[in-house]
Amino acid sequence: MAVYKSKGIVLRSIRFGEADRILDLYTQNAGLVSAIAKGIRRTRSRFGGRLEPLSCVDFLAYQGRTLDTVTQVEVLRSFHGVREDLDRFEAAGNMVAVVRAISGGDEADRRVFNLLYHALDTLEGRTSGFESIKAAFSLKLSVLAGYTPRLDACVICDRGLKEPLDGEPPYFAPPLGGALCPDCRAASGDAFPLPPGTLSALQSLVALPIREAAVEERLEESVSRVVSAHVLAHAPGGAPGRALAARGGAGWRRLHPA
Amino acid sequence: MASYARPVERLITELSKLPSIGPKSAQRIAFHVVRGKPDDARALAEALREVKERIHPCKRCFNLTEAEECDICTDPRRDPSVICAVEDPYDIGPIERTGEYRGLYHVLGGALSPLDGVEPEDLRIAELVERVGREETKEIVVATNPNTTGEATALFIAQELQDRPVRVTALASGLPVGGDLEYADEVTLGRAFAGRREI
């Protein structure tokens, strides 16, 4: 039985059996791993609160036929600041859904691990602008997964789309994976127009480090729409991941507004 | 070809659908029933039938009950000004066994989890807020599980009730009695320090 050690970020934790939990971890060395933590729900479990969702941990596990079994854990970063704030936690939930939708396979990609770590770090450090972090994360993850959206030119005719543009606005066609000039908009029935400034905002999100992600408030909705549509159109992950990713920027509404 | 007679296979299949029961356990339980006394099997069948036919959620707190309202809601000795919000009906038992709590309950039906798509509308949070307005509640004790989803639920409930004249409290977290400090994790130990008390 092979024993291995890796760094991982806990994406999900579901109850299993009497007192166990099944965890989905995005690991540095083995991509997405499912592992069981035995007895973790007991109050005297040696794991305690070390394997809560979003925690970045150093863990030791042995491989099983279907599930690996976690035997030792050390917390590297608990990201409790993200978990203890509803808006941050909701944003992190959306990022986790996008990871499951786009990078659901077991192929290891350290860049995905690093991106998720830095996104959670940025989310914990900021007091606002969570939408920008979510959008930047989804776009960067799409790029790492090989679904780079084309934002500098029309995907059909190659016409440059550097803003500010004269006349009609450019369009975004999710199934074609990029922007369309007004003349080519009929190429996709799903294409939708982009308000001025959206393309530049998207380009900045792809180019700049995630800690510098910033989108003007007036563009947040259009940027979120492009990002969710792009992820959904190219997500190879299963239905649950797609459904969660589809929720895009929708945060929790108050049930009884003040 | 099936290994066993059709009724035995059917029993194994039905038992396998239960949580934590794999095919081997299902087979073991099925053969225990086959070998056991007919009266024991009938009593089990009757208990299953009865629980499905007679048990339903209390219309006030959503605990499981045979009547319209559960025994706790109808007990005149309970303090109606305090409501303890729990995730599931089976969380009520351990709290009752402490003998420390004499208020009422509210079963939320789970915990918020953006990681699994469980949203406020999926829980009975709106019903809790309505109860607070209707029943002149003075305190809500949020006793969700001390994990990420339970704490997100507690935060959401506090946010929902922030404009109401009601005190919202949560259970303390810290070290389990009888444990060793050496094995405590950083988060639990940190909380225990934050919630330290005078002795």
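Worth saying up front: this structure is predicted, and the values here are computed from it rather than measured. (Residues numbered from 1 in each chain as written. Chains lettered and ligands numbered in written order. Predicted model: local features only at pLDDT ≥ 70, side-chain atom pairs only at ≥ 80, totals over all residues. Heavy atoms only, no water.)

What to know about the domain arrangement of chain A
Residues and elements named next belong to chain A. You can read the domains of chain A as domain 1 (3–78) and domain 2 (80–245). Using C-alpha coordinates to define each centre, domain 1 is positioned 29 Å away from domain 2. With 19 residues of domain 1 at the contact, the number on the domain 2 side is 24 residues. The junction of domain 1 with domain 2 conceals about 1,900 Å² of combined surface from both sides, 61% of it contributed by carbon and sulfur atoms. There are 2 salt bridges connecting domain 1 and domain 2. We note a salt bridge from D121 to R77, for which the minimum N-O separation is 2.9 Å. Applying the counting criterion to the domain 1 and domain 2 interface returns 8 residue pairs in polar contact (both at pLDDT 80 or more). (Domains from an automatic or database assignment. Contact = heavy atoms within 4.5 Å. Buried area = accessible area lost by both parts, 1.4 Å probe. Salt bridge = Lys/Arg side-chain N within 4 Å of Asp/Glu carboxyl O. Polar contact = N/O pair within 3.5 Å; in protein donor to acceptor, adjacent residues only side chain to side chain.)

Points about the pattern of salt bridges
A full pass over the atoms with the stated rule returns 30 salt bridges over all chains. D109 of chain A is paired through a salt bridge with R111 of chain A; the nearest N and O atoms lie 3.1 Å apart. Relative accessible area serves as the criterion here: at 47%, R111 of chain A is assigned to the partly exposed category. Taken together, the shared-partner salt bridges connect R60, E69, R131, R134 and E135 of chain B into one network. (Buried < 20%, exposed > 50% of the residue type's maximum accessible area, 1.4 Å probe, protein only.)

Some details on the domain arrangement of chain B
Assigned domains of chain B: these are domain 1 (6–54) and domain 2 (69–198). The distance between the C-alpha centroids of domain 1 of chain B and domain 2 of chain B comes to 35 Å.

Some points on the sheet that holds strand β5 (residues 139–142) of chain B
Residues and elements named next belong to chain B. Strand order in the open sheet formed by 4 strands is β4-β3-β5-β6, with parallel pairing between adjacent strands. Bordering the open sheet on either side are β4 (103–107) and β6 (167–170), each of which pairs with just one other strand. Taking the axes of each pair of neighbouring strands and ignoring which way they run, one obtains an average angle of 25 degrees across the sheet. Bridge analysis of β5 against β6 gives 4 bridges, and the strand direction is parallel. The residue bridging V141 from the neighbouring strand is T169, located in β6. Relative to β4, helix α6 (residues 125–135) is tilted by about 150 degrees, and along the sheet it contacts β3 (79–86), β4 and β5. (Pairing = 2+ DSSP bridges. Helix = DSSP H or I, 4+ residues; strand = E, 2+ residues; numbered from the N terminus. Axes fitted to C-alpha atoms, helices over the stretch in contact; angles between N-to-C directions.)

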